[in-house]
Amino acid sequence: MELCDYTIHELHEMMKRREITSRQITESVLSRIDQVESRIRAYITVLREEALEQAGTIDQKLQKGEIPLTPLTGIPIAVKDLICTRGVLTTCAAKILHNFIPPYDATVIARLKQQNIVMVGKTNLDQFGMGSSTENSYYGITRNPWDLSRVPGGSSGGSAAAVIAGEAIGALGTDTGGSIRQPSSFCSTTGLKPTYGRVSRYGLIAYASSLDQIGPIAKDVTDCAILLNAIAGYDPKDSTSVNLPTPDYTRALVPDITGLKIGIPEEYFIAGMDGEVEEKIWEAVRVLEKLGASSEKVSLPHTEYAVAAYYIIAPAEASSNLARYDGVKYGYRADKYTDLIDMYMTTRSQGFTPEVKRRIMLGTYSLSSGYYDAYYLKAQKVRTLIKRDFEEAFKKYDVLIAPVSPTPAFKIGEKTEDPLQMYLSDIFTIPINLAGVTALSIPCGFTRDGLPIGLQIIGKHFGEETILKVAYAFEQNTEHHKKKPPL
Ligand code: GLN
């Protein structure tokens, strides 16, 4: 096993014992990138020189006792290219931001830097987070490390692929309708979408502001908790961040779930769903029952309206958020135009892909007068009903257990011609964002063809400790998270 194959907490222990340096871990990660990146293409930008230099400085400072050795100190981390990093190209995988170098760090980046992480690079995604396969990128398609003919999921596909391939030790992703959990499920990583308001969105380039959250993508539950510890917490720079104390999430990691009440939403087992996925989810439930939990079916009656409501609300917010890309102050500007209006139009028609344009048009339509009440307002009402479904369920159950995605990773190109098919792949993740609650994906097995399957553990608002605890108990009694793709 190479250093790049270890977890954050294992490497931290080795650093504590002074067996290894940050420079050695970073070199191992970079050499893995050299070996596999031409096949996987998880990154838009690799910060080779910068990472080595940072690691060297961190080692020196550690030796002189100038900085503390926190659980993340010296650990190579990858960041989804939707998150602003000062002085480092941040493209959102879009032509329209192909040259954007932010003058500031997102709060999550500032917090990781406080812990002296090594930033390895910026990972690929579906432009602005719009997609479920990382095929919709100006920088090419990321491939699933378990099967290069398949997608890694999306939109944080680059982060999940990088982590499972050892091209980073951990990563940040973002989740608006499933973009942390679905790629985690497809790549066999552990990824957590925090409660809306738990993690600051300052410096996260907005897709759908009422749904977006940043969260960790990691090799196991402990690493997930360590990363969440670093990024969670109140931030006055984000008015939607919640001013509540942040627990130490690693303290929730005790594998005792005796008496835990699990609800299994029946609407999450639909016709047409992959049989092997369903099988693994029930196997996982049985593992948890053996550990002392009890389970019962529950109904979340408004689930069937979630995808429709999401594809009104998210594009509506996107149409407003993306209005700022006009070619004036930053980003791409068309070469040839006749006047100002033509400059806007040409820049935007050249700078956005068909999928982004589709969403801007959908969003503008549903917000326009005459349609606002019929679509946008109606979708917001549905959103309230979905949120209530969850609130009702959590009166009775500690967590809900469901699949992350109805299928394992699909083939590259399989769904690109049919947007509706692509949208439906988020059918089990979208309701969680609409309700604003928290959920994670944890590896729960493989298909006969060797494709990973993720288990979704859903918790109430600010229930991160509970879902981490359940995930930890599951992980400590299974081996799925230890399996690595044949590279
Ligand atoms: N696939 C969903 C979408 O395209 C969710 C993406 C995300 O969570 N960023 O909107």
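Numbering of residues begins from 1 in every chain and follows the order in which that chain's sequence is written. Local features in a predicted model are, by the rule used here, given only for residues with pLDDT of at least 70; side-chain atom pairs are given and counted only at 80 or more, and totals for whole chains, interfaces and linings are based on all residues. Processing note: side-chain calculations cover all non-hydrogen atoms of the structure and skip hydrogens and water entirely.

Visitor: Even after reading the chapter, I still don't get the sheet that holds strand β6 (residues 213-218), so can you show me in this structure?
Guide: Any two strands with at least two DSSP bridges between them are considered paired. Here a strand is any run of E in DSSP of at least two residues, a helix any run of H or I of at least four, and the numbering for each starts at the N terminus. Spatial strand order, β1-β3-β2-β4-β6-β5-β10-β11-β9-β7-β8: 11 strands in an open sheet with mixed pairing. Among the strands making up the open sheet, the edge pair consists of β1 (43-46) and β8 (294-298). Sheet twist, expressed as the mean angle between neighbouring strand axes with direction ignored, is 25°. As judged from the three bridges shared by strand β5 (residues 190-193) and strand β10 (residues 438-446), these two strands associate in the antiparallel manner. Within β10, the residue paired with Lys 193 across the bridge is Ala 439. Residue contacts follow a heavy-atom distance rule, with two residues in contact if any of their heavy atoms lie within 4.5 Å. Lines fitted to C-alpha atoms define the axes, with helix axes restricted to the stretch in contact, and inter-axis angles between N-to-C directions lie between 0 and 180 degrees. Each of β2 (76-80), β4 (170-175), β5, β6 and β10 is contacted by helix α7 (residues 221-231), which is oriented at about 145° to β6, the strand it contacts most.

Visitor: I would appreciate a short explanation of unusual backbone geometry in the present structure.
Guide: Trans peptide bonds make up the majority, and among non-glycine residues the majority have a negative phi. Following Gly 154, the chain continues into Ser 155 via a peptide bond in cis, with omega recorded as 10°. Within the secondary structure, Ser 155 is located in the loop between β3 (118-123) and α5 (157-164). Even without a glycine there, the phi angle at Ala 93 is positive, about 60°. As for its position among the elements, Ala 93 is in the loop between β2 and α4 (107-114). Look at Ala 93 and you get buried, because its relative accessible area is 0%. For Phe 462, which is not a glycine, the phi torsion comes out positive at approximately 60°. Here Phe 462 is to be found in the loop between β11 (452-459) and α15 (464-476). Only protein chains enter the calculation, and the probe is 1.4 Å; a residue is then buried if its accessible area is under 20% of its type maximum, exposed if over 50%, and partly exposed in between.

Visitor: Help me understand the site of the ligand, please; the structure alone is not making it clear to me.
Guide: We call a residue near a given molecule or strand whenever any one of its heavy atoms falls within 4 Å of it. Not every one of the 15 residues close to the ligand is listed here, only the nearest: Gly 177, Ser 179, Tyr 207, Tyr 310 and Asp 426. The term polar contact refers here to a pair of N or O atoms within 3.5 Å; inside protein, the definition further demands a hydrogen-donor-capable atom paired with an acceptor-capable atom, and it admits residues adjacent in sequence only when both atoms are side-chain atoms. A distance of 2.6 Å separates a nitrogen atom of the ligand from a polar side-chain atom of Asp 426. Where accessible areas are quoted, they stem from the Shrake-Rupley method and a 1.4 Å probe; at the residue level, only the protein chains shown are allowed to cover. Bound to the protein, the ligand loses 100% of the 300 Å² it would expose on its own. Polar here means any residue outside two lists: the nonpolar Ala, Val, Leu, Ile, Met, Phe, Trp, Tyr, Cys and Pro, and the charged Asp, Glu, Lys and Arg; Gly therefore counts as polar. Of the residues contributing to the shell around the ligand, the split by class is four nonpolar, eight polar and three charged.

Visitor: When you look at the pairing of strand β9 (residues 399-403) in this model, what are you seeing that I'm missing?
Guide: When a strand is regular, its side chains alternate between the sheet's two faces. Taking burial as the measure, the five residues of β9 include five buried ones, the bulk of the element. As judged from the two bridges shared by strand β7 (residues 261-265) and β9, these two strands associate in the parallel manner. The residue of β9 that forms the bridge with Gly 263 is Leu 400. As paired elements, β9 and β11 share four bridges and run antiparallel to each other. Note that in β11 the partner of Pro 403 across the bridge is Leu 455.

Visitor: Quick question: what am I supposed to make of the pattern of salt bridges here?
Guide: Should the charged atoms of two oppositely charged side chains come close, the side chains can pair. For this document, the term salt bridge refers to a Lys or Arg side-chain nitrogen within 4 Å of an Asp or Glu carboxyl oxygen. One pass over the full model with this rule turns up 18 salt bridges. Between Glu 13 and Lys 16 there is a salt bridge, and its shortest N-O distance comes to 3.6 Å. Taken together, the residues span about one helical turn, with Glu 13 and Lys 16 both in helix α1 (residues 8-16) at a distance of three residues. For Glu 13, a relative accessible area of 34% corresponds to the partly exposed category. Among the salt bridges present, the one from Lys 280 reaches Glu 283, with a minimum N-O distance of 3.8 Å. Placement of the pair is Lys 280 and Glu 283 together in helix α8 (residues 275-290), with a separation of three residues, close to one helical turn. According to the relative accessible area criterion, Lys 280 is buried, its value standing at 16%. Using a relative accessible area of 33% as the deciding quantity, one classes Glu 283 as partly exposed.

Visitor: In this structure, what is going on with the nonpolar core? I would like to understand it.
Guide: Generally speaking, nonpolar side chains in soluble globular proteins are found buried as a group. Counting residues in hydrophobic clusters, the biggest one holds 156 residues, and the most contacted among them are Phe 128, Phe 390, Ile 457 and Leu 468. Here this core gets 10 residues from one element, more than from any other, and that element is helix α9 (residues 306-321). When near neighbours in sequence (up to four residues on either side) are disregarded, Phe 390 contacts Tyr 268, Leu 300, Leu 400, Pro 431, Ile 432, Ala 435, Val 437 and Ile 458. Residues enter a nonpolar core if they are buried and are Ala, Val, Leu, Ile, Met, Phe, Trp, Tyr or Cys, with the set joined through side-chain atoms within 4.5 Å.

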